[in-house]
Each structure stands twice: as structure tokens, then as C-alpha cells.
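Below are the chains, spelled out letter by letter.
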Amino acid sequence: MSARGTSTPSGHQPVGISFDRVEKRFGSLLALRKVSLDIRSGEFVALLGPNGAGKSTLLRIAALLMNPSSGKVEFTGAALGEVGGGADDKAPLFSAKRRIGMVGHSILLYDELSAAENLTFFAKLYGLDDIGARVANALEACGLGPRARGLVRTFSRGMRQRLSIARALLHEPRLLLLDEPAAGLDRQGLAWMGSTLARLRDDGCTVIMSTHARNESLDLATRAVSLVTGQIAHDSGSDGDPRPLLAALRGEA
Amino acid sequence: MTTARAAAIVLAKELRLEFRTRELLNLTVVFSLIVVVLFSYTFEPTAAESRRYGPGLLWIAFLFAGSLMLHPSFARERLNDTLDALRMAPVSSFAILLGKMLANLIFLSLSEVVLVPVFAVLYNISLAGVVGRLIIVLILGTSGVVITGTVFSVISAHARMRELLLPLLLLPILAPLLIAAVEATALLLAEQPVLDPTWVAFLAGFDIVFLTASWLLCDFLVEE
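**A few points about the pairing of strand β9 (residues 223–228) of chain A**
Residue and element names in this part refer to chain A.
Move 1: Within β9, five of the six residues are buried, which leaves it mostly tucked inside the rest of the structure.
Move 2: Alignment of strand β4 (residues 44–48) against β9, held across four bridges, turns out to be parallel. Note that in β9 the partner of Leu47 across the bridge is Val225.
Move 3: Pairing of β9 with strand β10 (residues 231–235), which is carried by four bridges, proceeds in the antiparallel orientation. By the bridge assignment, Leu227 is partnered in β10 with Ile232.
Move 4: Following β9, the chain reverses through two residues before pairing antiparallel with β10; Thr229 in that reversal takes a positive phi of roughly 40°.

Below, the structure is given as C-alpha cells:
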């Protein structure tokens, strides 16, 4: 994987991502087959497809959690400055990681820590400043302010999912990867997620959201891509209309 | 962020989690006490007999307790996939490993603080006059167990049958360390106690070699 960029680094500059003939193999199973996809900064991509289509694998590769078996992944945009410079050759990797947020299948939180302790721990790992206020704001925003000291294991599925989304947004990522983020959310939670994603889209954050089922946040998508058995079956394109693909998903739901 | 700072953050999280649940500490202390107490019934613990068998029993108890304690170190990061969250953070893989190693060192050392006085009483061994030197041997030996065990805990966490895999991988690798630690302890518990620099150097060398190897291989270890 690599990162390219020339402008001054900034935490608020957009990030895009480009997959070039990416394949991922697990033993004899080919989960991704020569996937080529160029996602511009600021796009909101709905990644559609049935279970086992390769959506999660693609997102995990984008999150730097997994290396592709073959092919190339490049981060694009000005946000990844410092590339090729500095004594620390991990600087570009860490720079990319600071700009990526992910909501995965699991909540990526510690059950035996409280909501505030979880967010504080990750805020420290990301080297954020003003952690107390940042954590308090994040908890208020996701509606968990009154349960800040509650252990995550005592939370309902929906509360855990909201906290998981809050964790992913804590460091203000410019590339947000969402793997079935609506799972377990009630109407209130879905509304909060929808308004949060709308704000992020308007702010220029690149969002890739995978789903195999319909949810209201899909209406925010500026592009729809469907994967079937590890291959791109349909792509509305960066300048195309995602609505026919999204309507087809609704039809199947 | 420096590796030391990131490791300290991971260490603080590990301590908070453990002192809240006490899963590892309770299990390890009880297990190692059972081993030491059961062995005390198998022979007449005169001072001479204890000097002969005691150091081996003590280190076997530490080793078993360590392999029991070290398995959950990374295995419990599988719950909710929190290891993914750690790997996504902009910190080095070595910082994650180092934080875990330091936490395990503290936990195993706490078990030893409980176990060693009980061992001294049950086996009629006086530790007066050798406590300082014994602490040096315990720290060096325990560090070796923890460094190697934490590394193998990462490897086994991804595997099937991981509960069995860790002792199978760990115990043969730790055989040289066990010999050195037992010999160094036996010399300290002898009638004329002596801290043998050769065994101490061996223990320190073992720690340095495995810590360096874990630093070199940390990216491969922590990767999926």
C-alpha cells in the first residue's frame, strides 16, 4: 500500500482511496477478484452486496487491517503529507491511520471499561488534545452522556453500536469506513447516525458504507457500488446517479 | 507519539482492566499456591531437601502460572475485536506488545510476592539475607517468561486450539531460562548463598535476545 500527496498536511483535508486490481485470497477462497475502484475525496459510497460478497474484506483492506494478496491500494489527497520524508519510515502509515476511522462488525470496545474510559483510551492512543471535553462532547452527541460511567458490558446492542460509531469519529477521520453500521440501532439511533453522516458528507469527509440491507443513511450516498462474489457487479460512478442501484436494493429488501 | 508513551497508555488500560476484573491475578495466585502446597506434601520439607528440590518447584510453579496468565493477554483482545482497534491506531506494534509485556510482568510479579513467602514457610527455607539478590533473579527470570510468553500469546491467539498451543510453544523455548533461573535460585538458597554472575548474565542475555526479536518481528506478530 502506498500514499501519495503533495500539499501541506492537514487533519481537515480530504482523503480518497484507489484500489487497483486488488485480490484477496483466504486459502482456496478468493474473496476479492481484481477489484479496481477509484474513490475520490468527499464521495459517499454505498457498498452494496449480499453476505459473502467481499464488502467487509474490502473495507478491512482500506482500514489497513489487512494486506491484499495482490494489487495496489493508494490513499490520495493532500491529507497524507510527509510522504517519503522524515527519519521515521512509519510516518506516512501513521499519518494515514490518523485520518481513517472504522466501524466494524464488532464494536471494537472493551466490555469492562466504561463508555468514557473507552473513548479516553482511544483518544490517548490517537494523541488527541483536550481529551476530557472531546470525550464528553462525543458521549453527549451519541446520547450516552448520562451513561458515561456505565460499563460497556451493561449496554444494550444499540447503545454499544452508538458508542462504537462515536469511537470511530473521535479523532475526526477524513476517510470513514462503515461496515453495516445500522446493525442494532433503533429509530433514534438511526436518526442520529443519519444526521451525523450528513454532517460529515457536507464537511467533505469520504465515506464508504457497506450494507446488504436498506437503511435511511443510504439516501446520503453520492455513489453506489455493488459487489457480487468478490467482483464489482455495478458501479454508478463518481458522477453518475446512485439511485437506480439503491432502488434495486430497496426492491430486494 | 513515542513508543514509550504508547506502551504506557496500553499498560494503564491493561492494569485498569485487570484490577477491575482480577481474572488473571486470582487465577494465577490460586493456581501457583496449589502447586506449591501440593508439592510440599510429596516429601519431607527439611531444609536440606528443600534446598535440593525447592528452586525447581518454585520455578515450575511460576512457569505454569505464567503460561496460564499469558494466554488471555491477547486472546481477550479477540472479544469485540479490540485488537483491530489497537492495530488501527497510529502507534507502533511494538508499543502494543511492550505495554502488554509490562502489564504481564506486573501481574506475574504480584503473584510471586504472594507465592515466595508461602514457599519459604512451607519448605523451611530462610530468605533472610538473600532477598535483594533473589529479587534480581526473580525479575530477570520473570521478564524472560513474560517477554517470550507475550510474543507466543499473540501467535497462539490467532490459532485454533490456542489454549493448548501456548504451553506447547512456550515451555520448550523457556527450558534454558528455567535451567538458569533454577540454578541461580539454588545457589542463593544454599548454605553459603551466592549470586552467580554467569547465570545472571545468561538470564539477562535471554531477556535481551527475546526482547530484541520481538521488536524486530512485532509488525508480523501483530498483523492479521
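So that's the structure; there's more coming.
**Let's talk about the side chain of Lys24 of chain A**
Residues and elements named next belong to chain A.
Move 1: By secondary structure assignment, the location of Lys24 is in strand β2 (residues 16–26).
Move 2: By relative accessible area, Lys24 is classed as buried at 12%.
Move 3: At 2.8 Å, the side chain of Lys24 forms a polar contact with the backbone oxygen of Asn67.
Move 4: Discounting residues that sit within four places of it in the chain, Lys24 has contacts with Leu29, Leu30, Ala31, Leu32, Thr57, Ile61, Met66, Asn67, Pro68 and Ser69.

**Overview of the interface of chain A and chain B**
Move 1: At the interface, 28 residues of chain A touch 26 residues of chain B.
Move 2: Summed over both partners, the interface of chain A with chain B buries about 2,600 Å², with 61% contributed by carbon and sulfur atoms.
Move 3: Its largest share of buried area at the contact with chain B, chain A owes to Leu65, Tyr110 and Leu125 of chain A, together 25% of the area lost on that side.
Move 4: On inspection of chain A and its partner chain B, the count reaches three salt bridges.
Move 5: With a shortest N-O distance of 2.9 Å, Glu117 of chain A and Arg16 of chain B are connected by a salt bridge.
Move 6: Between chain A and chain B we count 13 residue pairs in polar contact (both at pLDDT 80 or more) in total.
Move 7: Only α2 (91–98) and α3 (115–125) of chain A provide two or more residues apiece to the side of chain A that touches chain B.
Move 8: With five residues, the single largest contributor to the side of chain A that touches chain B is α3 of chain A.
Move 9: When grouped by side-chain class, the residues that make up the side of chain A that touches chain B number 15 nonpolar, four polar and nine charged.

**Here's the deal with the confidence of the model for chain B**
Close inspection of predicted coordinates is inappropriate for parts of the model with low pLDDT.
Move 1: On average, residues of chain B score 88 in pLDDT, and 98% of them reach the 70 mark or higher.
Move 2: Across the interfaces of the predicted complex, the ipTM metric reaches 0.86, alongside a pTM of 0.87.

**Describing the side chain of Arg167 of chain A**
Move 1: Tracing the backbone shows Arg167 of chain A in helix α5 (residues 157–169).
Move 2: For the buried residue Arg167 of chain A, which engages in no salt bridge, the nearest side chain bearing the opposite charge is Asp84 of chain B, 9.0 Å off.
Move 3: Those residues in contact with Arg167 of chain A that lie beyond four places of it in its chain are Met102, Ile107, Leu108, Leu109, Leu119 and Phe122 of chain A.

**Let's talk about the layout of surface pockets**
Where empty space is left in the structure can be found by rolling a water-sized probe over the atoms.
Residue and element names in this part refer to chain A.
Move 1: Put simply, the second largest pocket is a space of about 370 Å³.
Move 2: If you list the elements that add at least two residues to the lining of the second largest pocket, you get α4 (131–141), α5 and α6 (187–202).
Move 3: By residue class, the composition of the lining of the second largest pocket is eight nonpolar, three polar and five charged.

**So, unusual backbone geometry**
Move 1: Look at Glu172 of chain A: it is not a glycine, yet its phi comes out positive at around 50°.
Move 2: With respect to the helices, strands and loops of the structure, Glu172 of chain A is situated in the loop between α5 and β7 (175–179).
Move 3: Look at Asn124 of chain B: it is not a glycine, yet its phi comes out positive at around 55°.
Move 4: With respect to the helices and strands, Asn124 of chain B occurs in the loop between α5 (93–122) and α6 (131–157).

Thresholds applied
Residues numbered from 1 in each chain as written. Chains lettered and ligands numbered in written order. Predicted model: local features only at pLDDT ≥ 70, side-chain atom pairs only at ≥ 80, totals over all residues. Heavy atoms only, no water. Buried < 20%, exposed > 50% of the residue type's maximum accessible area, 1.4 Å probe, protein only. Helix = DSSP H or I, 4+ residues; strand = E, 2+ residues; numbered from the N terminus. Pairing = 2+ DSSP bridges. Polar contact = N/O pair within 3.5 Å; in protein donor to acceptor, adjacent residues only side chain to side chain. Contact = heavy atoms within 4.5 Å. Buried area = accessible area lost by both parts, 1.4 Å probe. Salt bridge = Lys/Arg side-chain N within 4 Å of Asp/Glu carboxyl O. Nonpolar A, V, L, I, M, F, W, Y, C, P; charged D, E, K, R; others polar. pLDDT = per-residue confidence, 0-100. Lys, Arg positive; Asp, Glu negative; His and termini not counted. 1 Å grid on protein atoms, 1.4 Å probe; cavity = no way out; pocket = protein on both sides within 12 Å on 5 of 7 lines; lining within 4 Å. Points joined across faces, edges and corners; volume = space filled by probe spheres on them.

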